[in-house]
Amino acid sequence: MRAHDYQALAARTLLDGSDRSVSGRDLMMVWNAIGLTGEAGECAELVKKGVLHGHGLDTDKLSKELGDVLWYVAALATTAGLSLGGIMASNIDKLRTRYPDG
């Protein structure tokens, strides 16, 4: 799946925040940022328990949690008016500059 397609499909499930006192866009930015940190924490917990506690890494659960992380990244990007493809390209450019030899 292409990043643009994923972002558009994920955006179908965004809430508009119209029933809140904070502006819809601002509310969604906060909601998505907090959701992203929560899901990233769940990924970290799975890895911690799998590796450090010796339970073995459950890659099926990790895949599902990474999907949730990706959803929040796409949601935050959409709300901020950014494209996932643009974010991905900028990150690769930054990495190439920072680590030109690999």
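Above this text sits the structure in question.
Residues numbered from 1 in each chain as written. Predicted model: local features only at pLDDT ≥ 70, side-chain atom pairs only at ≥ 80, totals over all residues. Heavy atoms only, no water.

Chemist: Describe the side chain of Thr79, with residues and values.
Modeler: Topologically, Thr79 is positioned in helix α3 (residues 59–80). At 2.9 Å, the side chain of Thr79 forms a polar contact with the backbone oxygen of Ala75. Leave out the neighbours within four places in its chain, and Thr79 touches Leu14, Arg25, Met28, Met29 and Asn32. (Helix = DSSP H or I, 4+ residues; strand = E, 2+ residues; numbered from the N terminus. Polar contact = N/O pair within 3.5 Å; in protein donor to acceptor, adjacent residues only side chain to side chain. Contact = heavy atoms within 4.5 Å.)

Chemist: How would you sum up the packing of helix α1 (residues 3–11) against helix α4 (residues 84–98)? Please name residues and give values.
Modeler: Relative to each other, α1 and α4 sit at 135°, their axes nearing to 8 Å. When the interaxial angle is binned, α1 and α4 end up oblique. Residues Ala3, Tyr6 and Gln7 of α1 pack against Leu84, Gly85 and Met88 of α4. In terms of residue class, the contact of α1 with α4 is made up of four nonpolar, two polar and no charged. (Axes fitted to C-alpha atoms, helices over the stretch in contact; angles between N-to-C directions. Parallel < 35°, antiparallel > 145°, perpendicular 65-115°, else oblique. Nonpolar A, V, L, I, M, F, W, Y, C, P; charged D, E, K, R; others polar.)

Chemist: For the pattern of salt bridges, give the residues involved together with the corresponding values.
Modeler: This model, assessed by the stated rule, comprises two salt bridges. Ionic pairing is found between Arg2 and Asp5, a salt bridge with its closest N-O pair at 3.0 Å. Given the relative accessible area of 58%, Arg2 is considered exposed. The salt bridge partner of Glu45 is Lys48, with a shortest N-O separation of 3.2 Å. Note that Glu45 and Lys48 are positioned in helix α2 (residues 24–52) at a spacing of three residues, about one turn of the helix. (Salt bridge = Lys/Arg side-chain N within 4 Å of Asp/Glu carboxyl O. Buried < 20%, exposed > 50% of the residue type's maximum accessible area, 1.4 Å probe, protein only.)

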